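Reading the structure
Letter by letter, the chains look like this.
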There are 2 protein chains.
Amino acid sequence: MDMRRLIGQNFARIRQARGLTQEQVAERSGFSQQYISGLERGHRNPTVVTLFELAQALGASPLDLLQQDPNR
Amino acid sequence: MDMRRLIGQNFARIRQARGLTQEQVAERSGFSQQYISGLERGHRNPTVVTLFELAQALGASPLDLLQQDPNR
């Protein structure tokens, strides 16, 4: 699976599991809601530093965003 | 630890464990030896797609490059 889509799917899954909206995560992370929306649709190619900041906004680890989903 | 330094240290450790030189990894990955050298010194901020390509050149997973070293 393409890394951008993998990260987008993991990010959306974790965000929803934590009951957070894209707006809330945008506010926490300092990124725009549009950026978050594009990330979740697999349209962004964040740097590792950005990946770390996005993971922190979710209260997750960058590793969580790169996990391959065993079901797929 | 700063993500750039973490990735650089992991990359160098895995490369050496596999008995590869920076030149060999540069050739496999399509990145320059200077880029690889800068990455290992923590001076690069690669995108996740680049991280994936670099990990592939080592025969490793991107997750291996983000692992926190428990000893440090």
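The model shown is predicted, which means the values in this text are computed figures rather than measured ones. Within every chain, residues take consecutive numbers counted from 1 along the sequence as written. Lettering for chains starts from A, numbering for ligands starts from 1, and both go in the order in which the items are written. The predicted origin of the model limits local features to residues at a pLDDT of at least 70 and limits the giving and counting of side-chain atom pairs to 80 or more, whereas totals for whole chains, interfaces and linings rest on all residues. By convention in this description, side-chain values take in all heavy atoms of the structure and omit both hydrogens and water.

Another aspect to go through is the interface of chain A and chain B. Here, two residues are considered to be in contact whenever any of their heavy atoms come within 4.5 Å of each other. If you look at the interface, chain A gives 14 residues, while chain B gives 14 residues. A simple way to read buried area is as the amount of 1.4 Å-probe accessible surface that goes missing from two parts once joined, with both sides added. Between chain A and chain B, a total of about 1400 Å² is buried, with carbon and sulfur atoms accounting for 78% of that surface. Interface area lost by chain A to chain B is led by Met 3, Val 48 and Leu 63 of chain A, which between them contribute 42%. The salt bridge criterion pairs a side-chain nitrogen of Lys or Arg with a carboxyl oxygen of Asp or Glu, the two atoms within 4 Å. Summed over the shared surface of chain A and chain B, the number is zero salt bridges. Pairing of N or O atoms within 3.5 Å defines a polar contact, subject to two protein rules: one partner must be a possible hydrogen donor and the other a possible acceptor, and residues neighboring in sequence count only if both atoms are side-chain atoms. Where chain A touches chain B, the interface holds eight residue pairs in polar contact (both at pLDDT 80 or more). Among the elements of the structure, helix H1 (3-17), helix H4 (48-58) and helix H5 (62-66) of chain A are those that each provide at least two residues to the side of chain A that touches chain B. A run of H or I in DSSP counts as a helix once it spans at least four residues, and a run of E counts as a strand once it spans at least two, with each numbered from the N terminus. A total of four residues in the side of chain A that touches chain B trace back to one element, the largest contributor, which is H4 of chain A.

What follows concerns the side chain of Gln 22 of chain B. All names here are of chain B. Counting through the fold element by element, Gln 22 comes out in helix H2 (residues 22-29). Relative accessible area decides the class of each residue, using a 1.4 Å probe on protein chains only: under 20% of the type maximum gives buried, over 50% gives exposed, and in between gives partly exposed. Owing to a relative accessible area of 16%, Gln 22 belongs among the buried residues under this scheme. Within the local environment of Gln 22, its side chain forms a polar contact with the side chain of Gln 33, the two groups lying 2.5 Å apart. Separated by 2.9 Å, the side chains of Gln 22 and Glu 40 make a polar contact. Apart from residues no more than four positions distant in its own chain, Gln 22 is found in contact with Arg 15, Gln 33, Ile 36, Ser 37 and Glu 40.

With that settled, the discussion passes to the packing of helix H1 (residues 3-17) of chain B against helix H3 (residues 33-40) of chain B. Residues and elements named next belong to chain B. For the pair H1 and H3, interaxial distance at closest approach is 7 Å and the crossing angle is 115 degrees. Note on element contacts: H3 touches H1 through Ile 36, Leu 39 and Glu 40, opposite Arg 4, Ile 7, Gly 8, Gln 9, Phe 11, Ala 12 and Arg 15. Three categories are distinguished: nonpolar for Ala, Val, Leu, Ile, Met, Phe, Trp, Tyr, Cys and Pro, charged for Asp, Glu, Lys and Arg, and polar for the others, with Gly belonging to the last. In the contact of H1 with H3, the residues fall into five nonpolar, two polar and three charged. Geometry is summarised by axes, namely lines fitted to C-alpha atoms with helices restricted to the contacting stretch, and by angles between N-to-C directions that run from 0 to 180 degrees.

Below, the discussion takes up the relation of the copies chain A and chain B. The copies are overlaid by a least-squares fit using only the C-alpha atoms of residues whose pLDDT is at least 70 in both copies. Note on the copies: chain A fits chain B at an RMSD of 0.0 Å, the axial shift is 0.0 Å, and the rotation between them is 180 degrees. As the rotation angle and translation indicate, the two copies are arranged about a two-fold axis. Considering only C-alpha atoms, the residue of chain A closest to the rotation axis is Thr 47 of chain A, which sits at 1.9 Å. Both copies share a contact surface, since 100% of the interface residues of chain A are interface residues in chain B too.

Another aspect to go through is the UniProt feature "domain: HTH cro/C1-type" (unreviewed entry) in chain A. UniProt positions are given in the numbering used here, feature names are shortened, and annotations may be inferred rather than shown by experiment. Mapped onto the present numbering, the UniProt feature "domain: HTH cro/C1-type" (unreviewed entry) falls at residues 11-65 of chain A. For the annotated span residues 11-65 of chain A, helix accounts for 69% and strand for 0% of the residues, and the straight-line distance between the end C-alpha atoms is 6 Å.

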